[in-house]
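Structural description and commentary
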Amino acid sequence: QQQVKQSPQSLIVQKGGISIINCAYENTAFDYFPWYQQFPGKGPALLIAIRPDVSEKKEGRFTISFNKSAKQFSLHIMDSQPGDSATYFCAASMDAGNNRKLIWGLGTSLAVNP
Amino acid sequence: EAQVTQNPRYLITVTGKKLTVTCSQNMNHEYMSWYRQDPGLGLRQIYYSMNVEVTDKGDVPEGYKVSRKEKRNFPLILESPSPNQTSLYFCASKPTGSNQPQHFGDGTRLSIL
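This text gives an overview of the structure that appears in the document. (Residues numbered from 1 in each chain as written. Chains lettered and ligands numbered in written order. Predicted model: local features only at pLDDT ≥ 70, side-chain atom pairs only at ≥ 80, totals over all residues. Heavy atoms only, no water.)

**Observations regarding the overall build of chain A**
Inclusion rule: Only DSSP runs of H or I with at least four residues qualify as helices, and only runs of E with at least two residues qualify as strands; both kinds are numbered from the N terminus onward. The atom set for the radius of gyration is the C-alpha atoms, and the globule formula is 2.2 Å times the number of residues raised to the power 0.38. The buried label applies to any residue whose accessible area, calculated with a 1.4 Å probe on protein chains only, is under 20% of its type's maximum; exposed applies above 50%, and partly exposed to all values in between. Contacts were defined at the residue level, with two residues in contact if any of their heavy atoms lie within 4.5 Å. The positive count covers Lys and Arg only, the negative count covers Asp and Glu only, and His and the chain ends enter neither. Lys charges are placed at NZ, Arg charges at CZ, Asp charges at CG and Glu charges at CD.
Along its length, chain A carries 0 helices and 11 strands. In sequence order, chain A lays out its α and β elements as β-β-β-β-β-β-β-β-β-β-β. A compact globule built from 114 residues should have a C-alpha radius of gyration of about 13 Å, and chain A, at 14 Å, falls within 12% of that. Dimensions of chain A, computed from C-alpha atoms along their principal axes, come out at roughly 45 × 30 × 25 Å. With 114 residues in all, chain A has 44% of them scored as buried. Considering only contacts in chain A between residues 6 or more positions apart, those separated by 24 or more positions represent 53%. Separation between the mean location of the 11 positive side-chain charges and that of the 8 negative ones in chain A comes to 3 Å.

Right, dumping it as structure tokens:
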């Protein structure tokens, strides 16, 4: 059972375009929604995160939009660059006793063409 | 430099031959975790540890063991590896406290023949 559904599985964008990756969740107890970026041969690294009391968070060219009523959140990459080519994972977490566990989406492979 | 170091980075071995993947972090993090990453299945947690001598199962613990004798080290042990454990493995660490980001190692690619 996939609690965090991520789409699309892969995405090709031209340099300078906008990349949009969407995630949907089911459990309303989730209270933290990070996005991780993974380059080939490397582990995932935190890119940006949001809490559900905020509808949008922006850091440079990266923006998270959050729709609590629809239980959806998305990552927007403005002015996409070839260096943004990577796999992006959304995730969600909530308190689960001692293990604040991350529930991961399946990832989106982004390719930005020069 | 703050980092999580995994060794080996690549390993090809045969069914049944015990192996250990080491993980070491230099950030004094209490929490450490092992994941496996498979195509179409994303990242799945194998085991995690809240602190020294405290470990617990994640979502896919079968066939794996871990230990946490020291704060900095969290080895993953495959006592009798099987081909279905062929995967890309990641170790991660983070401080305790809500919503601290996890710091990942660069991964270990295991092939079990």
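**So, the state of the cysteines**
What counts here: Working definition: a disulfide is two cysteine sulfur atoms within 2.5 Å of each other.
All chains considered together, the criterion is met by 2 disulfides over all chains. Residue pairing for Cys-23 of chain A: its cysteine sulfur links by disulfide to Cys-90 of chain A, the two sulfurs lying 1.9 Å apart. Sign of the S-S torsion, about -95° for the bond between Cys-23 of chain A and Cys-90 of chain A, identifies this disulfide as left-handed. Remark: Cys-90 of chain A occurs in strand β9 (residues 86-93) and Cys-23 of chain A occurs in strand β3 (residues 19-25); sequence separation between them is 67 residues. Residue Cys-23 of chain B pairs covalently with Cys-91 of chain B via a disulfide, S to S 1.9 Å. Measuring handedness by torsion sign, the sulfur bridge of Cys-23 of chain B and Cys-91 of chain B sits at about -75° and is left-handed. One end of the pair, Cys-23 of chain B, is in strand β3 (residues 19-25); the other, Cys-91 of chain B, is in strand β9 (residues 87-94), with 68 residues separating them in the sequence. Taken as a pair, Cys-23 of chain B and Cys-91 of chain B share a single burial class, namely buried.

**Some words on the pattern of salt bridges**
Close approach of charged atoms allows side chains with opposite charge to pair. Going by this rule: Basic side-chain nitrogens of Lys or Arg form a salt bridge, by our definition, when they fall within 4 Å of a carboxyl oxygen of Asp or Glu.
Going through the model one piece at a time under the given rule, you end up with 7 salt bridges over all chains. A salt bridge links Arg-61 of chain A to Asp-84 of chain A; the nearest nitrogen and oxygen atoms lie 2.8 Å apart. With Arg-61 of chain A in the loop between β6 (56-59) and β7 (62-67) and Asp-84 of chain A in the loop between β8 (72-77) and β9, this pair connects stretches of sequence that are 23 residues apart. Take Arg-61 of chain A: its relative accessible area is 27%, and that puts it in the partly exposed class. The closest approach of N and O atoms between Arg-44 of chain B and Asp-38 of chain B, which form a salt bridge, is 2.9 Å. The network of salt bridges with shared partners includes Arg-36, Asp-38 and Arg-44 of chain B.

**Concerning the packing of aromatic side chains**
Describing an aromatic ring pair means giving the distance of the ring centres and the angle of the ring planes. Put simply, the test is: When two rings of Phe, Tyr or Trp (its six-membered ring) have centres within 6.5 Å they constitute a pair, described as stacked for plane angles under 30 degrees, edge-to-face for angles over 60, and tilted for the intermediate range. Here, over-ring charges are defined by two tests on the NZ atom of lysine or the CZ atom of arginine: distance to the ring centre within 6 Å, and angle to the ring normal within 35 degrees.
Per the counting criterion, the structure on display carries 17 aromatic pairs over all chains. Taking the centre distance of 6.3 Å and the plane angle of 80° together, the rings of Phe-90 of chain B and Phe-104 of chain B count as edge-to-face. A residue pair is termed long-range when its members are at least 10 positions apart, and Phe-90 of chain B in strand β9 and Phe-104 of chain B in strand β10 (residues 103-104) qualify at 14 residues. What makes Phe-90 of chain B buried here is its relative accessible area of 1%. Judged by relative accessible area, which is 10%, Phe-104 of chain B ranks as buried. Among the aromatic residues, those joined into a ring-pair cluster are Tyr-25, Phe-30, Phe-33, Trp-35, Phe-66 and Phe-73 of chain A. The residue whose ring lies beneath Lys-94 of chain B is Tyr-31 of chain B, and the NZ or CZ to ring-centre distance is 5.0 Å.

Worth remembering: the numbers are spatial, not functional.
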